[in-house]
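The primary structure of each chain is shown beneath.
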Amino acid sequence: MHPPTTVVVPLLFGSIATGSGAAILAWRERPNPGATPLVWLLGGQSVWATCIIFSLSAESVSETLTWTKLGWIGVMIVPVAWILFALEYTGRDQYITRRSVALLSVVPVLTVCLAVTEQYHGLLYVRPAGVTVDGAVVAEQGGLWYGVAAAYTYLLGVLGIVPILGLVSSRATAFRGQSAALLVGITTPWATNILYNAGALPSAGIDPTPIAFAVSGVAYLGAIRRFRMFGANPAPTWRAKEFLFDHIHEGAIVVDGHDTIVEINQTGAAVLGVDVDRALGSPASELLPVNGPIQADGGRDFLTVGTESTSQSYDVTVTELTDRRDHTLGFVFTLHNVTRYLQQQQRLKVLNRVLRHNIRTEANIIQGYAERTADETAETIKRRTMRIVELSEKGRDAIDLFEDAVGEWNQSSLDSIVGDCLAGARDAFPDVAFELERPTEDATIPDGAAVVVNNLIENAAVHNAGSDPRVSVSAWVESDRAVVQIADNGPGIDEYELDILDSGTETPLRHGSGLGLWLVKWGTETIGGSVDFEPAEPTGTIATLTVPLSGSDGRTPAPRDG
């Protein structure tokens, strides 16, 4: 037995009220993704429910049949609006085109037409089936097209649910709540309709689906108000992934577990010299430098394409893709252009060889000839020659610094770095009095700091021409950083030199006197530290180097002098 009309009609009014409330809220949220299709969906539900109310209130059989036929307009709006909502809300709006909407509307339009003209064909018949205890005429619906229309609505319902289900497992709590509410809103009336068509509900001809729209309305209201469906929208997530994949400057190729390329971006296709459509489905081993089983998790190789004069080199990184149970799904190959880096590395190697061997060899020959004489000119030649050697050594240090900065820094003890640097300075500048205050606790820092400390100590000693030259070095650990301070009693660093360092560059007319302070600057930058200079009292300079500790806590008790 179906419920009396006196009960059904109020329930239908309730479903219309909740659906209209949700539709008004959705309308206010335009143009947020999904808002407009949701209004259409809720509008379709209300049309369906309204037509049933009018059919139950009709005073004649023909009037009942007319409202029942018109109810098909609302029935067929719902599935189309739902699939459009699901696509737009989840960011897949690229599938929503005039063509796709027109194709989706073919079956609904035919259904409405067949419902209106049912007396001529019977494919979708609507005919009286009896009278309720309240005197309302009950319409029976069926026919071959009825099954087609029902199957179509169920199909679109499932297709729309699929992308929404993907949000249930989202890491964003708001998306999980929204998607759960949406699933309740869509599955409740659809489940009711399926049970009705299967004859599992005692409805006696009255489709109870619109009554279930009351639950849908409440669910949609909850999604909009409680879970901020249009305030925290997942649409950008899907589009952002596509945008990043397609527009990153690096080539990206996705390979499945069977060596087949399943995705590739435009940059990747350009690097490999293939068309995207041709690359998809091709064996990865034919296009990529894959030798044997793919090595993931940091596995690297170089790929060189082009002729010798125009060749480009790419660093190939392989990353494994796994599912939630750590089963391998495939691999992502990223191709990073390292041509300029490799060229720069080759040039640095040549310069390193010239500075390390050729200049020193030539300087030694000149110095040897100068030592054959003993006049003032010979002394000048020897001093200048030594200056050339010093400059070549600093140039070599700079090259080492740049090369090491590209890779991983080796790590050294703070105590050993300041100890070794000071020992070398004592040998190089025997006329300078050095003092060392070692750190009370040791720490591990990048060994690039040694270049900085060496040059700071040298700068403090070499320009200190007073009668009692002194340089004091102290080191300590402060929070997550190591501090090395070098103080001298010399004339102080010329402001001109410091201004050039602050500007970061030199010109032919405005340049420093050497490479020492530049090495301090470059070395500090490459190890992520900082250096400050301030005047000492009564004369001199205090240079303070701050270096980040290596690792979370590399502190150890410092070795002490015996």
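Sequence order as written defines the numbering, with residues in each chain counted from 1. Only residues with pLDDT of 70 or above have their local features reported here, since the model is predicted, and side-chain atom pairs are shown and tallied only from 80 upward, although totals for entire chains, interfaces and linings are computed over all residues. Neither water nor hydrogens contribute to the side-chain values; these are computed over all heavy atoms in the structure.

**Some points on the overall build of the chain**
Piece 1. Helix and strand definitions follow DSSP, with helices as H or I runs of at least four residues and strands as E runs of at least two, each counted in order from the N terminus. The secondary structure content of the chain amounts to 16 helices and 16 strands.
Piece 2. Three labels apply to residues, based on accessible area from a 1.4 Å probe with only protein chains included: buried if under 20% of the type maximum, exposed if over 50%, partly exposed otherwise in between. Counting over 562 residues, the chain shows a buried share of 43%.
Piece 3. Taking the contacts inside the chain whose residues are at least 6 apart along the sequence as the reference set, 63% of them involve residues at least 24 apart.
Piece 4. Total accessible area computed for the chain in this model is approximately 29800 Å², and 57% of it derives from carbon and sulfur atoms. The contact rule is simple, with two residues in contact once any of their heavy atoms fall within 4.5 Å. With residues, only the protein chains shown are counted as cover, and all accessible areas are computed by Shrake-Rupley using a 1.4 Å probe.

**Remarks on the packing of helix 2 (residues 35-57) against helix 3 (residues 61-89)**
Piece 1. Lines fitted to C-alpha atoms define the axes here, with helix axes fitted over just the stretch in contact, and angles between the N-to-C directions of these axes take values from 0 to 180 degrees. Two numbers describe how helix 2 lies on helix 3: the axes approach to 7 Å, and their chain directions differ by 160°. Taken together, the axes of helix 2 and helix 3 lie roughly antiparallel to each other. Handedness of the helix 2/helix 3 crossing: left-handed. Note that the term roughly parallel is reserved for angles under 35 degrees, roughly antiparallel for angles over 145, roughly perpendicular for angles of 65 to 115, and oblique for everything else. Definitions for this section: a left-handed crossing has its near helix turned counterclockwise from the far helix by less than a right angle. A right-handed crossing has that turn clockwise.

**Let's talk about the packing of aromatic side chains**
Piece 1. Any two rings among Phe, Tyr and Trp, with Trp reduced to its six-membered ring, count as a pair given centres within 6.5 Å; such a pair is stacked if its planes are under 30 degrees apart, edge-to-face if over 60, and tilted if neither. Throughout the structure, instances matching the rule amount to six aromatic pairs.
Piece 2. Centre to centre, the rings of Trp48 and Phe213 are 5.4 Å apart; their planes meet at 70°, and the pair counts as edge-to-face. In this pair, Trp48 sits in helix 2 while Phe213 sits in helix 7 (residues 209-226), placing the two residues 165 residues apart along the sequence.
Piece 3. Residue Trp48 is classed as buried on the basis of its relative accessible area of 11%.
Piece 4. Centre to centre, the rings of Phe85 and Tyr89 are 5.2 Å apart; their planes meet at 15°, and the pair counts as stacked. Of the two residues, Phe85 and Tyr89 both sit in helix 3, four residues apart, roughly one turn of that helix.
Piece 5. Grouped by ring-pair contacts, the aromatic residues Trp82, Phe85 and Tyr89 constitute a single cluster.
Piece 6. Two limits define a charge over a ring: the Lys NZ or Arg CZ must be within 6 Å of the ring centre, and within 35 degrees of the ring normal. Taking the ring centre of Trp27 as reference, the NZ or CZ of Arg30 above it sits at 3.5 Å.

**Re the environment of Asp468**
Piece 1. Along the chain, the position of Asp468 falls in the loop between helix 14 (449-462) and strand 12 (470-478).
Piece 2. Distance from Asp468 to Asn489, taken between C-alpha atoms, is 8.4 Å for residues 21 residues apart in sequence.

**Comments concerning the pattern of salt bridges**
Piece 1. The term salt bridge refers to a side-chain nitrogen of Lys or Arg lying within 4 Å of a carboxyl oxygen of Asp or Glu. On inspection of all chains with the given rule, the structure shows six salt bridges.
Piece 2. With its nearest N and O atoms 3.3 Å apart, the salt bridge here joins Glu118 to Lys69. Taken together, the residues span a long stretch of sequence, with Glu118 in the loop between helix 4 (98-116) and strand 1 (125-131) and Lys69 in helix 3 at a distance of 49 residues. Residues Glu118 and Lys69 agree in their burial class; the two are buried.
Piece 3. Between Lys521 and Glu525 there is a salt bridge, with the nearest N and O atoms lying 3.2 Å from each other. Taken as a pair, Lys521 and Glu525 lie in helix 16 (residues 516-526) at a separation of four residues, close to a single helical turn.

**Details of the pairing of strand 4 (residues 261-264)**
Piece 1. Strands pair, by our definition, only if DSSP identifies at least two bridges between them. Relative to strand 4, strand 3 (residues 251-256) is paired through three bridges, and the arrangement is antiparallel. Opposite Val254, over in strand 4, you have Glu263 as the bridge partner.

**What about the nonpolar core?**
Piece 1. One finds Leu12, Leu56, Trp72, Met76, Leu104 and Leu124 to be the most contacted residues of the largest nonpolar core, which totals 34 residues.
Piece 2. At the level of elements, helix 1 (5-28), helix 2, helix 3, helix 4, strand 2 (137-142) and helix 5 (144-168) are the ones that each hand at least two residues to this core.
Piece 3. At eight residues, helix 3 tops the list of elements feeding residues into this core.
Piece 4. For the purposes of this section, nonpolar cores are sets of buried Ala, Val, Leu, Ile, Met, Phe, Trp, Tyr and Cys residues that join through side-chain atoms within 4.5 Å. Formed by 31 residues, the second largest nonpolar core is a distinct cluster that contains Leu414, Phe434, Val453 and Ala460.

**Quick look at unusual backbone geometry**
With the exception of glycine, most residues fall at negative phi, and the peptide bonds are largely trans.
Piece 1. In the segment running from Arg30 into Pro31, the intervening peptide bond is cis, with an omega of 5°.
Piece 2. With respect to the helices, strands and loops of the structure, Pro31 is situated in the loop between helix 1 and helix 2.
Piece 3. Here the amide bond leading from Glu537 into Pro538 is cis, since omega sits at 0°, within 30 degrees of zero.
Piece 4. Take Pro538: it is sitting in the loop between strand 14 (530-535) and strand 15 (541-548).

**Concerning a nonpolar patch on the surface**
Piece 1. There is a patch of nonpolar side chains on the surface, built from Val47, Leu70 and Ile73 and spanning about 200 Å² of accessible area.
Piece 2. Position of Leu70 among the secondary structure elements: in helix 3.
Piece 3. Among the residues examined, Leu70 registers a relative accessible area of 33% and is labelled partly exposed. Two distance rules govern patches: like charges are joined within 9 Å, and nonpolar side chains (Val, Leu, Ile, Met, Phe, Trp, Tyr) within 5 Å, applied only to residues with over 30% relative accessible area and no salt bridge.

**What about the side chain of Ser46?**
Piece 1. As for its placement among the helices and strands, Ser46 is situated in helix 2.
Piece 2. By relative accessible area, Ser46 is classed as buried at 13%.
Piece 3. Leave out the neighbours within four places in its chain, and Ser46 touches Ile16 and Ser20.

**Some points on the sheet that holds strand 14**
Piece 1. Taken in spatial order, the five strands line up as 9-12-13-15-14 in an open sheet, and their pairing is mixed. The open sheet is flanked by strand 9 (433-437) and strand 14, the only strands paired with a single partner. Across the sheet, the axes of successive neighbouring strands diverge by a mean angle of 15°, strand direction being ignored.
Piece 2. The sheet contact formed by strand 13 (residues 481-488) and strand 15 spans seven bridges and is antiparallel.

**A word on the confidence of the model for the chain**
Piece 1. Confidence in the prediction of the chain, expressed as mean pLDDT, is 82, and 88% of residues score 70 or more.
Piece 2. Each residue carries a pLDDT score, the predictor's own confidence in it, on a scale running from 0 to 100. In the model, residues 557-562 has pLDDT below 50 throughout and makes 13 contacts with residues more than four positions away in sequence or in other chains.

**Let's talk about the environment of Ile359**
Piece 1. Locating Ile359 in the fold gives a position in helix 11 (residues 339-370).
Piece 2. With sequence-adjacent residues up to four places away left out, Ile359 is seen in contact with Val354, Ile388 and Ser392.

**Quick look at the packing of helix 3 against helix 4**
Piece 1. Direction vectors running N to C along helix 3 and helix 4 enclose 165°, while the axes themselves pass 9 Å from each other. Of the possible angle classes, the one that applies to helix 3 and helix 4 is roughly antiparallel. Considering the relative orientation of helix 3 and helix 4, their crossing is right-handed. For the pair helix 3 and helix 4, the contacting residues are Lys69, Trp72, Ile73, Met76, Val80, Ile83 and Leu84 in the first and Val101, Leu104, Val107, Pro108, Thr111, Val112, Ala115 and Val116 in the second.
Piece 2. Tallied by class, residues from the contact of helix 3 with helix 4 come to 13 nonpolar, one polar and one charged. Amino acid classes used here: Ala, Val, Leu, Ile, Met, Phe, Trp, Tyr, Cys and Pro are nonpolar; Asp, Glu, Lys and Arg are charged; the rest, including Gly, are polar.

**Thoughts on a negative patch on the surface**
Piece 1. A residue counts as positive if it is Lys or Arg and as negative if it is Asp or Glu; His and the chain ends are not included. For the purpose of locating charges, the reference atoms are NZ of Lys, CZ of Arg, CG of Asp and CD of Glu. Taken together, the side chains of Asp494, Glu495, Asp499 and Asp502 define an acidic patch exposed on the protein surface.
Piece 2. For Asp494, the location among the structural elements is in the loop between strand 13 and helix 15 (495-503).
Piece 3. Asp494 gets classed as partly exposed once you look at its relative accessible area, which sits at 48%.

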